[in-house]
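Below, each chain spelled out in residue letters.
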Amino acid sequence: QVQLVESGGGLVQPGGSLRLSCAVSGINFSYYGMGWYRQAPGKQRDLVATILHSGSTNYADFVKGRFTISRDNAKNTVYLQMDSLKPEGRAVYYCHAERLEAVDTDADRFLELWGQGTLVTVSS
């Protein structure tokens, strides 16, 4: 079964930290760039950070210096360490996979995949 399962969301005070995890199964993890997106109530879904299989990363300006994306290729898991959280960080955070290599396997037929999201609430 192909799936991306997020975990680690919850309630945190402003200035606090959370670490989100995304467990990936059913695809060849090495073929995919991974990312985190977030969507606040009534807002569009925004890119937070991306990471390639090599470990190369990119961040949205609004999280630079505060968030860190990483991946454990042996565990097929991507993480988002969120520090110095702000109230505007309240959102559902989604894990995303994008295939960056042409393949011919049935398991990797999808170009992109989304998790169901995990809710992060930043409130005092």
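Here the structure is a predicted model, which is why all the values come from computation and not from measurement.

The backbone of Asn76 shows a phi angle near 50 degrees, a positive value even though the residue is not glycine. The residue Asn76 is located in the loop between strand 7 (67–72) and strand 8 (77–82) in this model. Even without being a glycine, Ser84 presents a positive backbone phi close to 50 degrees. Structurally, the position occupied by Ser84 is in the loop between strand 8 and strand 9 (91–99). Overall, Ser84 belongs to the partly exposed group, its relative accessible area being 38%.

Evaluated as defined, the whole model comprises one disulfide. Covalent S-S linkage joins Cys22 and Cys95, the inter-sulfur distance amounting to 2.0 Å. On the sign convention where negative means left-handed, the S-S torsion of about -85 degrees between Cys22 and Cys95 marks this disulfide as left-handed. Taken together, the residues span a long stretch of sequence, with Cys22 in strand 3 (residues 18–25) and Cys95 in strand 9 at a distance of 73 residues. Under the relative-accessibility criterion, Cys22 is labelled buried at 0%.

By size, the foremost hydrophobic cluster in this structure holds 29 residues, and its most contacted members are Met34, Trp36, Leu80, Met82 and Tyr93. Of all the secondary-structure elements, those providing two or more residues to this core are strand 3, strand 4 (32–39), strand 5 (45–51), strand 7, strand 8, strand 9 and strand 11 (118–122).

Burial of strand 8 is extensive: five of the six residues sit out of reach of the surface. Inspection of the sheet shows strand 3 paired to strand 8 by six bridges, in the antiparallel sense. Bridge pairing in strand 8 places Leu18 opposite Met82. From the end of strand 7 to the start of strand 8, which pair antiparallel, there are four residues, and Asn76 there has a positive phi angle of about 50 degrees.

Here four strands make up an open sheet; going across it, the order is 1-3-8-7 and the pairing antiparallel. Edge positions in the open sheet fall to strand 1 (3–7) and strand 7, since each of these has one partner strand only. Adjacent strand axes in the sheet meet at a mean angle of 15 degrees when their direction is disregarded.

How each quantity is defined
Residues take numbers from 1 onward in each chain, read along the sequence in its written order. For a predicted model such as this one, the threshold for reporting local features is a pLDDT of at least 70, and the threshold for listing and counting side-chain atom pairs is 80 or more; totals across whole chains, interfaces and linings nevertheless cover every residue. The basis for the side-chain values is all heavy atoms of the structure; hydrogens and waters are excluded. Secondary structure follows DSSP: runs of H or I at least 4 residues long count as helices, runs of E at least 2 residues long count as strands, and numbering of each begins at the N terminus. Residue burial is assigned from relative accessible area. The probe radius is 1.4 Å, only protein chains are included, and a residue is buried under 20% of its type maximum, exposed over 50%, and partly exposed in between. Note on terminology: pairs of cysteine sulfur atoms within 2.5 Å are recorded as disulfides. What we call a nonpolar core is a set of buried Ala, Val, Leu, Ile, Met, Phe, Trp, Tyr and Cys residues that are connected through their side-chain atoms within 4.5 Å. The criterion for strand pairing is that DSSP finds at least two bridges linking the strands in question. Orientation is described by lines fitted to C-alpha atoms, with helices fitted over the stretch in contact, and by angles between N-to-C directions that extend from 0 to 180 degrees.

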